[in-house]
Amino acid sequence: MTDSKYFTTTKKGEIFELKAELNSDKKEKKKEAVKKVIASMTVGKDVSALFPDVVNCMQTDNLELKKLVYLYLMNYAKSQPDMAIMAVNTFVKDCEDPNPLIRALAVRTMGCIRVDKITEYLCEPLRKCLKDEDPYVRKTAAVCVAKLHDINAQLVEDQGFLDTLKDLISDSNPMVVANAVAALSEIAESHPSSNLLDLNPQSINKLLTALNECTEWGQIFILDCLANYTPKDDREAQSICERVTPRLSHANSAVVLSAVKVLMKFMEMLSKDLDYYGTLLKKLAPPLVTLLSAEPELQYVALRNINLIVQKRPEVLKHEMKVFFVKYNDPIYVKLEKLDIMIRLASQANIAQVLAELKEYATEVDVDFVRKAVRAIGRCAIKVEQSAERCVSTLLDLIQTKVNYVVQEAIVVIKDIFRKYPNKYESVIATLCENLDSLDEPEARAAMIWIVGEYAERIDNADELLESFLEGFHDESTQVQLQLLTAIVKLFLKKPTETQELVQQVLSLATQDSDNPDLRDRGYIYWRLLSTDPVAAKEVVLAEKPLISEETDLIEPTLLDELICYIGTLASVYHKPPSAFVEGGRGVVHKSLPPRTASSESTESPETAPAGAPPGEQLDAVPTQGDLLGDLLNLDLGPPVSGPPLAASAVQMGAVDLLGGGLDSLIGAPSFVAPPAAAVPANLGAPMGSGLSDLFDLTSGVGTLSGSYVAPKAVWLPAMKAKGLEISGTFTRQAGTISMDLQLTNKALQVMTDFAIQFNRNSFGLAPAAPLQVHAPLSPTQTVEISLPLSTAGSVMKTEPLNSLQVAVKNNIDVFYFSTLYPLHILFVEDGKMDRQMFLATWKDIPNENEAQFQIRDCPLNAEAVSSRLQSSNIFTVARRNVEGQDMLYQSLKLTNGIWVLAELRIQPGNPSFTLSLKCRAPEVSQHVYQAYETILKN
């Protein structure tokens, strides 16, 4: 008879009956009674009153009865801690039972009783079980240590259980090894700083040996542990990969994903030139494809992980496009995820079949899926240039279907295609305009308005079209209102005579009748621009737009690297790091991929580079036109108050690593201290290079007079843009002081006075160290030369490009703005010479991916001349050697904010092309340092 009968009877007075049965002499009756107790407990009845009676039943040889009693004990020990102590003796006794199953059962139950009072009694039995002769008992005891650590961590450490656990990693039984690893990993998670899993090549070897023989969950624990290890070189990484690869053919999908995680992580250390690297790529594809034949929920998890893998290494699945084609019975969440991956894998080779599929999807019945399919066609056009024409004609076919939501999505993506390929597909505008009336979604309306405004000169009735939108202006969403305002201003600038009334109408609606601050602000900016300077308005509003990039939804590279380390976990499904969704962040450690080793350095071929990755590192803080106006208009441009001496501020700047280079203890030298403002020489307008440095080579010490290269003055602000004031200038560095040498010319018909200057925030904190002093009024046709001392103590904001400087100059007529680029070598300080040992240690310490290589062509100088010329601009030669007839110069320089740049310059006698390798903790600086090298060596 089955045990279901125990759940069917419920009658009053049952507790007393059960009490009597539990104390019965007959074993069978006792067992029946305990089963009834457990059944009552399972359905939520309180049977804690029977605790002493049930505990008495522990003294039995019957394994089934013992299990039932232990189950009861685990449930009620917390509410009856004093009674639970009664059971301790039995535990101790059972831990020495000749039957290993009973020993293991006792130790497992001990770990589940979360009562502080009892834990200290359990240490001795647990210690014996950890060294038990039977592997089943040892593996159970290993997990018990983790449970005990959760209850009382201090006790576990004091009793030395952690060391015993570490010893179990070398156990002969693979299941014991797996459980020991699982327990240590669990404990390490709650103590991220402790180095419990001290992995080394020997212990890794033991784990890999155990990997082949333990159960599937044991394999997952071991693989996850391997993923946290960083091999010492690419040879060890390859060896581990070879031994993990067989796990890819496991039936359990969790084992497969854990193996993929280890391989993806260690591939980072392998050179792409290795034959093995190619073999590994081929082996990764089949298991991932196999995961897609599982049930939908598993497919979804697999697809989310594949999405990450494809972003990191698109070459893994580039030939597997067909498996991501959508099946008619796929749930919507699987369909949308497959669609995403299809676009990521789209290339010139497979675009024809992808487009045929997408066109098919666009006729499905599921609205969300159809929308995404139409969007996907647009993304393909932007990603694969050769397919753009085909995509546009496909979109036009879809617009002809007149299905409302299809038409709207198509217009949104065609707008993006226009932005990617300007002046190429504008012939389709007429077709789009026919569908104007059917648009009811804000995004589609905004896209259509943008198209009409952008191409107003090609649309005869553009004013009528925009006027039709204007009728319900206040009922439109903000997105549409903003777009309509800009489009009408564009139209006015292109056809001013016909649209004056229209532009006045929209400006008044936006500024006077609207309560949306964004709309009002934009309206006022346009109004002021149009009323004060229509030419400037044209330059701003009709400026050339940057082309949009192909992949706008790629995960940011550092986050992607972190998520690759979490393949097969919840983080890889959410596409968020654990810290974003684990409450309290307990035990969350930020993981990252291992750095490439020296022997594995190889340049990424265009084919394997992640899709859409920019050619250079993108800098993130680009001040917009709006930022600049806001920052500069708010500044008080009266004569600036003399700031504190530069010395103090320069020291502060040295302590802050502005570009995120992460200066470490290697760079312990104090920052170069500029002289205080009072010590700036009065004759800075004198010809440069007239100091002692021309006579003596005094550039080896700190603070020597160095005459770095000075570029000829260039016109920064033409007179026509500044109401007659022309500003030319250049930057210099002399005796450790940076100056901006200005030439002001008055080409207006009135006298200019009250000059002041202010800089916007910039990457290196450049700011005027003194007021701009023009001692006499500047008469018409007069020119004056001024040297303005600069400090590096201003506000810092990373700009694009890094060396751009935005300047506001005020006089009695107006405030004028201009932007210029300063040469980076004015920021090279005089104490930039590193000693050889420090150079070598720092070079090794900076990751290889931070190294950049450049060619300097048409430079006929020899090594001595190169070294001498660079030294005058504070680029110091640390060492020089000759390798196979090539001169190798090892050089160092230091920027004003404390960032060091190390260089290796390769010069082949008789060859005017040099190879320059630069290493720096802030790699975005390298391009500008290379430009400085070019400038200094060629002038």
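The coordinates are above.
The structure contained in this document is the topic of the report that follows. Since the structure is predicted, the reported quantities are computational estimates derived from the model, not experimental observations.

## Observations concerning the pattern of salt bridges
And then number 1: Under the defined criterion, the tally for this structure stands at 33 salt bridges.
And then number 2: Through salt bridges with shared partners, a single network forms among Arg371, Arg375, Glu409, Glu441 and Glu443.

## Side note on the packing of helix α20 (residues 332-345) against helix α22 (residues 367-383)
And then number 1: Packing of α20 against α22 brings their axes to within 10 Å, and their N-to-C directions diverge by 5°. As far as their axial angle goes, α22 and α20 are roughly parallel. Residues Ile332, Lys335, Leu336, Leu339, Asp340, Ile343, Arg344 and Leu345 of α20 touch α22, and the partners they reach there are Asp368, Phe369, Lys372, Ala373, Ala376, Arg379 and Lys383.
And then number 2: Of the residues belonging to the contact of α20 with α22, the class tally is eight nonpolar, no polar and seven charged.

## Some words on unusual backbone geometry
And then number 1: The omega torsion across Glu800 and Pro801 is -5°, close enough to zero to call that bond cis.
And then number 2: Mapped onto the secondary structure, Pro801 falls in the loop between β6 (783-791) and β7 (804-810).
And then number 3: Residues other than glycine seldom take positive phi values, yet Lys723 does so here, at roughly 50°.
And then number 4: Among the structural elements, Lys723 can be located in the loop between β1 (714-717) and β2 (725-734).

## As for a negative patch on the surface
And then number 1: Together, Glu464, Glu467, Glu471 and Glu501 make up a negatively charged patch on the protein surface.
And then number 2: Assignment of secondary structure puts Glu501 in helix α29 (residues 500-511).

## Here's the deal with the environment of Ser917
And then number 1: With respect to the helices and strands, Ser917 occurs in strand β13 (residues 914-920).
And then number 2: Taking the C-alpha atoms as reference, Ser917 lies 8.3 Å from Leu902; in sequence the two are 15 residues apart.
And then number 3: Within the local environment of Ser917, its side chain forms a polar contact with the side chain of Gln853, the two groups lying 3.3 Å apart.

## A few points about helix α1 (residues 14-22)
And then number 1: Looking only at α1, the buried set comprises Glu14, Leu18, Glu21 and Leu22. For α1, the angular spread of the buried residues around the axis is 95°, confining them to a single face. Across from the buried face of α1, at angles greater than 90 degrees, the exposed residues are Phe16 and Ala20.
And then number 2: On its buried side, α1 packs onto α2 (27-42) and α3 (51-56).

## What about the sheet that holds strand β10 (residues 876-883)?
Strand-to-strand pairing in sheets goes through backbone hydrogen bonds, with the strands running parallel or antiparallel.
And then number 1: Taken together, the five strands give an open sheet; going across it, the order is β9-β13-β12-β11-β10, and neighbouring strands pair in antiparallel fashion. Taken across any chain shown, the strands that pair with only one partner, and hence form the sheet edges, are β9 (851-856) and β10. Averaged over all pairs of adjacent strands, the angle between their axes in this sheet comes to 20°, without regard to strand direction.
And then number 2: Judged from the six bridges that link them, strand β12 (residues 900-907) and β13 form a sheet pairing that is antiparallel. Opposite Ala903, over in β13, you have Leu918 as the bridge partner.
And then number 3: Against the sheet, helix α36 (residues 836-845) touches β9, β10, β11 (886-894), β12 and β13, its axis set at about 95° to β12.
And then number 4: Its contacts with the sheet place helix α38 (residues 926-938) against β9, β11, β12 and β13, and it is angled at close to 25° to β9.

## Remarks on the packing of aromatic side chains
And then number 1: This model, assessed by the stated rule, comprises 11 aromatic pairs.
And then number 2: Geometrically, the ring pair formed by Trp450 and Tyr455 is edge-to-face, given 6.3 Å between the ring centres and 85° between the ring planes. Summarising the burial analysis for this pair, Trp450 and Tyr455 share the class buried.
And then number 3: Aromatic side chains Phe839 and Tyr890 sit 6.2 Å apart centroid to centroid with 75° between the ring planes, which places their arrangement in the edge-to-face category. Here Tyr890 lies in strand β11 and Phe839 lies in helix α36, a separation of 51 residues in the sequence.
And then number 4: Owing to a relative accessible area of 13%, Tyr890 belongs among the buried residues under this scheme.
And then number 5: Cluster of aromatic residues (ring-pair linked, three or more members): Trp716, Phe731, Phe818 and Tyr822.
And then number 6: For Lys335, the ring lying beneath its charged end belongs to Phe369, and the centroid distance is 5.2 Å.
And then number 7: Lying over the aromatic face of Tyr421, Lys424 brings its terminal NZ or CZ to 5.4 Å of the ring centre.

## Details of the sheet that holds β7
And then number 1: The three strands are arranged β4-β7-β8 in an open sheet whose pairing can be described as antiparallel. Either end of the sheet is taken by a strand with one partner, and the two such strands are β4 (756-759) and β8 (815-821). The mean angle between the axes of side-by-side strands here comes to 25°, regardless of whether they run parallel or antiparallel.
And then number 2: Of the strand pairs in this sheet, β7 and β8 are connected by seven bridges, and their pairing is antiparallel. Bridge pairing in β8 links Val807 to Phe818.

## Thoughts on helix α13 (residues 174-190)
And then number 1: Between its first and last C-alpha, α13 extends 25 Å over 17 residues, near the 24 Å set by a 1.5 Å rise per residue.
And then number 2: Its side-chain oxygen placed 2.8 Å from the backbone nitrogen of Met175, Asn173 serves as the N-cap of α13.

## Quick notes on the packing of helix α30 (residues 517-532) against helix α31 (residues 534-541)
And then number 1: One way to put it is that α30 packs onto α31 with a least axis distance of 6 Å and a crossing angle of 135°. Classified by the interaxial angle, the pair formed by α30 and α31 is oblique. For the pair formed by α30 and α31, the contact residues are Tyr526, Leu529, Leu530 and Thr532 on the first element and Pro534, Ala536, Ala537, Val540 and Val541 on the second.
And then number 2: Tallied by class, the residues present in the contact of α30 with α31 amount to eight nonpolar, one polar and no charged.

## Regarding the pairing of β2
And then number 1: With 10 of 10 residues buried, β2 is to be regarded as a mostly interior element.
And then number 2: Burial of the side chains of β2 extends over both faces: Leu725, Ile727, Gly729, Phe731 and Arg733 are buried on one face and Glu726, Ser728, Thr730, Thr732 and Gln734 on the other.
And then number 3: Alignment of β1 against β2, held across three bridges, turns out to be antiparallel. By the bridge assignment, Leu717 is partnered in β2 with Ile727.
And then number 4: In this sheet, strand β3 (residues 737-746) lies alongside β2 in antiparallel orientation, the contact comprising 10 bridges. Bridge pairing in β3 places Thr732 opposite Ser739.
And then number 5: Where β2 hands over to β3, the hairpin turn is made up of two residues, of which Ala735 adopts a positive phi near 50°.

What counts, and where the lines are drawn
Residues numbered from 1 in each chain as written. Predicted model: local features only at pLDDT ≥ 70, side-chain atom pairs only at ≥ 80, totals over all residues. Heavy atoms only, no water. Salt bridge = Lys/Arg side-chain N within 4 Å of Asp/Glu carboxyl O. Axes fitted to C-alpha atoms, helices over the stretch in contact; angles between N-to-C directions. Helix = DSSP H or I, 4+ residues; strand = E, 2+ residues; numbered from the N terminus. Parallel < 35°, antiparallel > 145°, perpendicular 65-115°, else oblique. Contact = heavy atoms within 4.5 Å. Nonpolar A, V, L, I, M, F, W, Y, C, P; charged D, E, K, R; others polar. Patch = residues over 30% accessible without salt bridge, like charges linked within 9 Å, V, L, I, M, F, W, Y side chains within 5 Å. Areas by Shrake-Rupley, 256 points an atom, 1.4 Å probe, with all protein chains shown as cover. Lys, Arg positive; Asp, Glu negative; His and termini not counted. Charge placed at Lys NZ, Arg CZ, Asp CG, Glu CD. Polar contact = N/O pair within 3.5 Å; in protein donor to acceptor, adjacent residues only side chain to side chain. Buried < 20%, exposed > 50% of the residue type's maximum accessible area, 1.4 Å probe, protein only. Arc of directions from axis to C-beta. Pairing = 2+ DSSP bridges. Phe/Tyr/Trp six-rings, centres within 6.5 Å; stacked < 30°, edge-to-face > 60°. Lys NZ or Arg CZ within 6 Å of the ring centre and 35° of its normal. Expected span 1.5 Å × (residues − 1).

This is a description of form; function is not addressed.
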